[in-house]
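Observations on the model geometry
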Amino acid sequence: MTESSISVDQSQFSCSICLELLMDPVTIPCGHNFCKTCLKSCWDEEDLKGVYSCPQCRSSFTPRPVVGKNNMLAEVVEKLKTSHQATPAAHCPVGPEEVDCDFCTGTKLKALKSCLVCQASYCETHLQSHYESSAFKNHKLVKVSRRLQEQICSEHEKQLEVYCRTDQQCICMLCTMDGHKGHNTVSGAAERAEKQNQLVETRRKSQQKIQEKEKELQELKKAVESHTSSAQAAVKNCEKIFTELICSIERKLSELSELIRAQEKAAVTRAEEALKRLEQEIEELRRRDIKLEQLSQTEDHIQFLQSFTSVSAPPEFAGCSITVFSPLLTFEEVVKTVFQLSEKLEEHCEQEFKKISSGVKEIMVVPLPEPQSREEFLEYSCELTMDPNTVNTLLHMSEGNMVVTCSETVQSYPPHPERFDFYPQVLCRESVGGRCYWEVDWSGSGGVYIAVSYKSISRKENGFFGYNDQSWSLFCSPSRYSFVHNSRGTVIPIGSDCSRIGVYVDYSAGIVSFYSISERVILLHRVQTTFTQPLYPGFWVGLGSALKLSHPPQQMIMSP
């Protein structure tokens, strides 16, 4: 009997609760079917109400119906699952990454083999003729491929079977008697065997390199972990030390305060006692003065003479003489001494902190290599603008503080403590830390200085970029280029004018590099030092010259 098939929709056998194919299907009195676990969970929530309803049609049941597995429906669902499993690969329609059969009409099936002679690919059905017919016995079947044409000689339309070692290319047999006649040729299999040995050696070296790199990776990870742990411990210990130092200073302050208060209390107590005695003596002297006045007005000579001796005798006061307090006896000298101590302590801390900071900067897990191409430099490109609070009055800024020119016309900038008032200079708003790169275009006969500087650089006569220990500067003019730091210059020989300059800073490594930017990128000068303050890009612009912060394009060739 021929088995009949019925086409059904999978959704007819899905649970309306979980929307998946029924699992252990059960049927309730209203006729609807659900997964056993889904229905149980649904009705367990209705236990408190005592009324149970169908999740699909909302029919109510009291008491809770007892349901059992629907075996017939379970078998149907199981067959449905089986019928929806993937068809054997040979009979599946071709996928996007697979090769389709060249002889299938309608729906293309997946090809299993490709024939180099036929230049075609075949599915399992169409491949049978190559196995069964003697006409195809000399045909070469290979792994299915989309690149069959690449294995055929473009000149002779023959299979590539020979390798020409002279020209390092695959050729056909006719090529050995034509264009490659007399060349060193071997069969493709022989060359493959030799190349296979080379491949094995290359792979061995590659695997060895991988192992070395993996070892480096593990060592670097351990170093990073150790570095992080050490940094955390250092911060914790430094916080503890500084806290103890602060507590020690606070204790000294408390001791000094107590000493001053005690001295104040003792002096005030003595002064109060002296005040009391002085008041008593003044009162006694006033009483005597009254008696003297009365005696002076006595008319009886005998009475005057009899009283004169007792009244005119000076009063006697008990205790030592009283020393008057001088208003100059203050604690100003103590305050002055404490202030001197503060200055010495701050100076000492500053010196020691510089040493500590230098030591911190020298601790590196691994030194980062300097970029080797302009594309790599541009990865560290930073956005800069010139600071109007620092610009000299001979400089005019435009285009959103991206362009600066120098002329004899004085600009009316408002007063500001950070303004350069001696040289035609300007600093950028932004500091550059970590790794930063930027470019500037310059022009004019007056030349320019392109610098990096500490913000603390003087705004007066000794604040010329490059002529102090707070700035590093590249001088550019039509006739000369030089690098200047701390008044020491280095002349830079160049072959042609550089109208665009690139500046690269690696703050932690203490590196400042200047590059000429044209069709190639050429290093002009590199200096390595130790930075102790944040760096700011700065520019000096000569009379008749102009400078512009550039937004560099994204592609350029790096010179060797």
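Residues numbered from 1 in each chain as written. Predicted model: local features only at pLDDT ≥ 70, side-chain atom pairs only at ≥ 80, totals over all residues. Heavy atoms only, no water.

A closer look at the environment of Leu 474
Its place among the elements puts Leu 474 in strand β16 (residues 471-476). A C-alpha to C-alpha distance of 10.0 Å links Leu 474 and Trp 540, two positions 66 residues apart in sequence. Residues within four places of Leu 474 in sequence aside, it is in contact with Val 448, Tyr 449, Ile 450, Ser 482, Phe 483, Ile 492, Ile 501, Phe 514 and Leu 524. (Helix = DSSP H or I, 4+ residues; strand = E, 2+ residues; numbered from the N terminus. Contact = heavy atoms within 4.5 Å.)

Quick notes on the pairing of strand β14 (residues 435-443)
Taken across its nine residues, β14 has seven buried, putting it largely inside the fold. Bridge count for β14 against strand β19 (residues 500-506) is seven bridges, and the pairing is antiparallel. Counted as the bridge partner of Asp 441 is Arg 500 from β19. Inspection of the sheet shows β14 paired to strand β23 (residues 546-550) by five bridges, in the antiparallel sense. The residue bridging Ser 443 from the neighbouring strand is Ala 546, located in β23. (Buried < 20%, exposed > 50% of the residue type's maximum accessible area, 1.4 Å probe, protein only. Pairing = 2+ DSSP bridges.)

Let's talk about the packing of helix α5 (residues 188-296) against helix α6 (residues 301-312)
Remark: α5 packs on α6, axes separated minimally by 10 Å, with the N-to-C direction vectors making an angle of 160 degrees. Accordingly, the angle class assigned to the pair α5 and α6 is roughly antiparallel. Crossing angle aside, the handedness with which α5 passes α6 is left-handed. Along its contact with α5, which presents Arg 288, Lys 291, Leu 292 and Leu 295, the element α6 presents Phe 304, Ser 307, Phe 308, Val 311 and Ser 312. Within the contact of α5 with α6, the residues separate by chemical class into five nonpolar, two polar and two charged. (Axes fitted to C-alpha atoms, helices over the stretch in contact; angles between N-to-C directions. Parallel < 35°, antiparallel > 145°, perpendicular 65-115°, else oblique. Left-handed = near helix turned anticlockwise from the far one by under 90°. Nonpolar A, V, L, I, M, F, W, Y, C, P; charged D, E, K, R; others polar.)

Some points on the sheet that holds strand β13 (residues 425-427)
Spatial ordering of the open sheet is given by β13-β22-β15-β16-β17-β18, a layout of six strands whose pairing is antiparallel. The open sheet terminates on both sides in strands that have one partner only, identified here as β13 and β18 (488-491). Within the sheet, the average angular offset between the axes of one strand and its neighbour, ignoring direction, is 20 degrees. Note that strand β17 (residues 481-485) and β18 share four bridges and pair antiparallel. Within β18, the residue paired with Val 484 across the bridge is Gly 489.

Notes on the sheet that holds strand β6 (residues 120-122)
Taken in spatial order, the three strands of this open sheet run β6-β5-β7, and their pairing is antiparallel. Of all strands in the sheet, those bounded by a partner on one side alone are β6 and β7 (141-143). Averaged over all adjacent pairs, the angle separating strand axes in this sheet is 40 degrees, with direction ignored. Of the pairings in the sheet, the one linking strand β5 (residues 113-115) to β6 comprises three bridges and is antiparallel in character. By the bridge assignment for β6, Lys 113 is matched with Tyr 122. Running over the sheet, helix α3 (residues 124-132) touches β5, β6 and β7 and is turned about 110 degrees from β6.

Some words on the packing of aromatic side chains
Summed over the entire model, instances satisfying the criterion amount to 22 aromatic pairs. Summarising the aromatic geometry, the rings of Tyr 423 and Phe 464 are spaced 4.5 Å apart at their centres and angled 20 degrees between planes, so their arrangement reads as stacked. Of this pair, Tyr 423 sits in the loop between β12 (403-406) and β13 while Phe 464 sits in the loop between β15 (448-454) and β16, and the two are 41 residues apart along the sequence. Judged by relative accessible area, which is 18%, Tyr 423 ranks as buried. (Phe/Tyr/Trp six-rings, centres within 6.5 Å; stacked < 30°, edge-to-face > 60°.)

Topic: α6
An α-helix turns once per 3.6 residues; consequently, residues spaced three or four apart project the same way. Under the 1.5 Å per step criterion, the end-to-end length of α6 is 16 Å for 12 residues, consistent within 8% with the ideal 16 Å. A small share of α6 lies buried, amounting to one of its 12 residues. (Expected span 1.5 Å × (residues − 1).)

Here's the deal with the nonpolar core
Grouped together as the largest cluster of nonpolar side chains are 40 residues, with contacts concentrated most on Trp 438, Ile 450 and Ile 501. With residues up to four places along the chain from it excluded, the contact list for Ile 501 reads Trp 438, Glu 439, Val 440, Trp 442, Ile 450, Leu 474, Cys 476, Phe 514, Tyr 515, Ile 517 and Leu 524. Listed in part, the 17 residues of the second largest apolar core include Leu 22, Trp 43, Cys 54 and Val 77. (Core = buried A, V, L, I, M, F, W, Y, C linked by side-chain atoms within 4.5 Å.)

Section: the pattern of salt bridges
Here the structure, examined in full by the defined rule, presents 19 salt bridges. As a salt-bridge pair, Glu 255 and Lys 252 come within 3.9 Å of each other at their nearest N and O atoms. Highlighted residues: Glu 255 and Lys 252, both in helix α5, separated by three residues, approximately one helical turn. Close ionic contact of Arg 435 with Asp 506 constitutes a salt bridge, the shortest N to O distance being 3.4 Å. (Salt bridge = Lys/Arg side-chain N within 4 Å of Asp/Glu carboxyl O.)

Remarks on a negative patch on the surface
On the surface, Glu 343, Glu 346, Glu 347 and Glu 350 cluster together into a patch of negative charge. Judged by relative accessible area, which is 48%, Glu 347 ranks as partly exposed. (Patch = residues over 30% accessible without salt bridge, like charges linked within 9 Å, V, L, I, M, F, W, Y side chains within 5 Å. Areas by Shrake-Rupley, 256 points an atom, 1.4 Å probe, with all protein chains shown as cover. Lys, Arg positive; Asp, Glu negative; His and termini not counted. Charge placed at Lys NZ, Arg CZ, Asp CG, Glu CD.)

By themselves, these observations are geometric and do not establish any function.
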